[in-house]
Structures are given as structure tokens and as C-alpha cells.
Amino acid sequence: MNAEVQNIIDRLADGDDLSINEWIKIIGEDYDTTYLFDRADGIRRKYYGTDVYIRGLIEISNYCKNNCLYCGIRRDNESVERYRLSDEEILECASSGYELGFRTFVLQGGEDGAFSTKRVESIVSSIKEKYSDCAVTLSLGEREYEDYKMWFDAGADRYLLRHETANREHYYILHPKEMSYENRKRCLYDLKKIGFQVGCGFMVGSPFQEVECLAEDMMFIREFKPDMIGIGPFISHAATPFSDCENGTLDLTLKMLALLRLTCQKALIPATTALGTIHPAGREMGLKVGANVVMPNLSPVGVREKYSLYDNKICTNEEAAECIRCLERRVEGAGYKIVVSKGDSKV
Ligand code: 5AD
Ligand code: FES
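Residues numbered from 1 in each chain as written. Chains lettered and ligands numbered in written order. Predicted model: local features only at pLDDT ≥ 70, side-chain atom pairs only at ≥ 80, totals over all residues.

**Regarding the site of ligand 1**
Okay, step 1: The full set of residues close to ligand 1 is Tyr-70, Cys-71, Arg-162, Glu-164, Met-203, Gly-232, Phe-234, Ile-235, His-237, Ala-274, Leu-309 and Tyr-310.
Okay, step 2: Here the residues of the shell around ligand 1 are counted per class, giving eight nonpolar, two polar and two charged. (Near = placed C-beta within 6 Å. Nonpolar A, V, L, I, M, F, W, Y, C, P; charged D, E, K, R; others polar.)

**Notes on the environment of Leu-174**
Okay, step 1: Looking at the secondary structure, you find Leu-174 in helix α7 (residues 168–174).
Okay, step 2: Each C-alpha atom, one on Leu-174 and one on Val-124, is 31 Å from the other, the two residues being 50 residues apart in sequence.
Okay, step 3: Once you skip the residues sitting within four places of it in the chain, Leu-174 turns out to touch Cys-68, Leu-69, Tyr-70, Glu-164, Thr-165 and Ser-206. (Helix = DSSP H or I, 4+ residues; strand = E, 2+ residues; numbered from the N terminus. Contact = placed C-beta atoms within 7 Å.)

**Considering the sheet that holds strand β3 (residues 104–109)**
Okay, step 1: Pairing within the open sheet is parallel, and its six strands lie in the order β2-β3-β4-β5-β6-β7. Among the strands making up the open sheet, the edge pair consists of β2 (56–61) and β7 (228–233). Ignoring strand direction, the axes of neighbouring strands in this sheet form an average angle of 20°.
Okay, step 2: Across three bridges, strand β5 (residues 158–160) lies against strand β6 (residues 197–204) in parallel orientation. Along β6, the bridge assignment pairs Arg-158 with Gln-197.
Okay, step 3: Taken strand by strand, helix α4 (residues 87–99) contacts β2 and β3, and its axis lies near 170° from that of β2. (Pairing = 2+ DSSP bridges. Axes fitted to C-alpha atoms, helices over the stretch in contact; angles between N-to-C directions.)

**Here we look at the environment of Cys-326**
Okay, step 1: Relative to the elements of secondary structure, Cys-326 occurs in helix α14 (residues 320–333).
Okay, step 2: Given 14 C-beta atoms within 10 Å, Cys-326 falls into the partly exposed group. (Buried ≥ 20, exposed ≤ 12 C-beta atoms within 10 Å, placed from the backbone.)

**With respect to α14**
Okay, step 1: If you check α14, its first and last C-alpha atoms are 20 Å apart, about what 14 residues at 1.5 Å a residue would give, namely 20 Å.
Okay, step 2: Residues Ala-320, Cys-323, Ile-324, Leu-327, Arg-330 and Val-331 constitute the buried set of α14. Projected down its long axis, α14 shows its buried positions confined to an angular sector of 125°, all on one face. Opposite the packed face of α14, turned more than 90 degrees from it, sit the exposed residues Arg-329 and Gly-333.
Okay, step 3: Among the structural elements, β1 (51–54), α4, α12 (282–288), β8 (293–294) and β9 (337–339) are those in contact with the buried residues of α14.
Okay, step 4: Remark: Gly-335 follows α14 within two positions and exhibits a positive phi of approximately 100°. (Expected span 1.5 Å × (residues − 1). Arc of directions from axis to C-beta.)

**Brief notes about the pairing of β6**
Okay, step 1: For β6, the tally of buried residues reaches eight of eight residues, placing the bulk of the element in the interior.
Okay, step 2: Bridging between β6 and β7 involves six bridges; their strand directions are parallel. By the bridge assignment for β7, Val-204 is matched with Pro-233.
Okay, step 3: The parallel pair β6 and β7 is bridged by helix α9 (residues 211–224), and the resulting crossover is right-handed. (Right-handed = clockwise from strand over helix to strand, strands pointing away.)

Distances and angles like these do not, on their own, reveal function.
Here it is as C-alpha cells:
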């Protein structure tokens, strides 16, 4: 590692902004990442100690009106068997999750018209009524301000909406033209204005991504100041137009995780399932370079396989209880500890 690289890492750790060219250098240059990873873990421990928060992910529907080119549940994929959970099933997932120690439930799904604003509002109210000590996170895509506001007023605490890429041209390579880069950003700013703890994020190594795109992602994130940041490697799905594209790499994903920890020091950053999919110890490695959240799946095992955004997704056959035991071992093996807590944003 040369002095210039070390200087950039030190400045990030001190809270400095970087120029686009500095971001390009620190992301694109090949160097020994030991120092970067150590600094990232140091910052993580400064704010969070060894705590790892768990979020119970409930995949409520794989119907989606969108046609994102990278995603396995895109509208045009006719080979996927579609499902949606009933309200009762969702509440059962939450109930079993609560028993297992989860204090955050993440309702995630494709953009499915069957989950009307009212219906989601009612599910959120039911969960919050029953588990007042829990946080509800929604991850249901792009909606109008009024919809988000109703969900927030019903008690939803957080919202995850990855921006996917901060580079406009790249956005339209990954998405059909009927989608809009401006609308996605509008949603993120609306969510923030309403008062949600907001998460954005991107895929590492998505098709046609260049170092400049990642640099712009970092600059956008720095400006947006999200409470949560979800990143993971792109993994190709056989039934999408990007089936032949290379997956994102472990090394670059770890590097981006560490840089995120340095630039958004208090953010909640998951070691994602996608990271655990490209390498058996991916999530443990993610935790060691700055990640502080894991999101085990609480969806009924019968639907797990159907919520396949990418190929070879892990944990599709394991019950939630098995995953949490497995993760406890993994997290402890990496030197951290899962805590029973809502784990609100400190940003
Ligand atoms: N590989 C990795 N991540 C993907 N996502 C969607 N498709 C893929 C894929 N093929 C991510 C997107 C989305 C999140 C729910 O999953 O970033 O926002
Ligand atoms: Fe699901 Fe290990 S986390 S089996």
C-alpha cells in the first residue's frame, strides 16, 4: 500500500470527504487491503462494539410489476412460480421470529399491486400492536409520498430501497426505460422527509458497472446520509437477460463494505445473503470489515426457493431457527455477538 492510499484511508477515517478522483483511486487501485479492513473494524467497534443486529426477513410476495434486467423475479420471467403470503402467514412469521429473539421484521417483496396501501397499513398496525417493542422495516419498492406516509403513520419505522446505481446511464442499462432514475431518488428523499430510517444501496459488480459508478455511489451515499446501507455482489440469474454476466467478486464487495463503514461510520450495514452465496464464509468476512447486521430469513420454507433474485441463494431449505443457530455460531466465530435489540439507527 502506498502513502497516497494510506492517506486517503486515514482521511476517510477522520470523517473527511473525498473527491471523485480520490474515490476512483481508492476503489479502483489494487493494494493490500489489510490496513483498510483494520481501520473499518476499528470504527465499527468504536460505535457498535461487537454487537450484531438481526433482522427477520419476511418475503411477502414475488409478484413484481417491474422488469429490472438483473432480477430473477422480474415480470418477464415466466419460469418463476409466483406466490404471495396471506396476512395470517405474515403474522405467523413475525410471531415465530419474536420467539427466536427478533425485534425487527423486514417485510420485503416485489412491487405487487395485491399489497395495496391499505393492506400493508393494516399488516404494519397489527405487527406493531402485538409487538410494540419491535421495529417494522418495509422494502416494497417505489410508491407515492402519500402511501409511504400512511405506512409511517401506521407505525413502520424503516424503509429499504436500494438506489441500485447512482450513475444515470448505468441505471438505464440495468433497468427498462419505463423505470425512472429520478423517481427512485425522489422516493428515497420522500422517505427521509417523512421520518423513516432509510436504507439505500447497490450491487457490486453489476453488469457494465465501472469504477466511476461505484465512486458515484459513494458520493451519493455520503450526501444522502442513509441510516442503513445494503450492498452485495451481483449474482447472475439464469432466466434474466444478464444470465451470462460475471458475478461481482468477494474482494471488491469487502473493499466496498470497508469503505462504507469509513464514510458512514454509524450506519447499519448488513453482511448480506448474496455475500454468503458467493463465498461460504462471505458473511463472516463482511462482519470483519465493518458490517454489523445480518438478515436471516423468516419466510416459510415452502416459498423460499421462489424468492430467487439470483441463482444458488443460500438458506432456502433451512428453517428460521436453524439459520439463527447457524448464524450465531458464524458471528461468534468471527469475533462478534448477536444481540436481542431493535437496533435503531445511530446516524
Ligand atoms: N444479484 C444480486 N442482487 C440482486 N438484487 C436483485 N437482483 C440481484 C442479483 N441478480 C438485489 C437488488 C435489490 C435487492 C432486493 O436485491 O439490489 O434491491
Ligand atoms: Fe441459514 Fe446458515 S444462516 S443455514
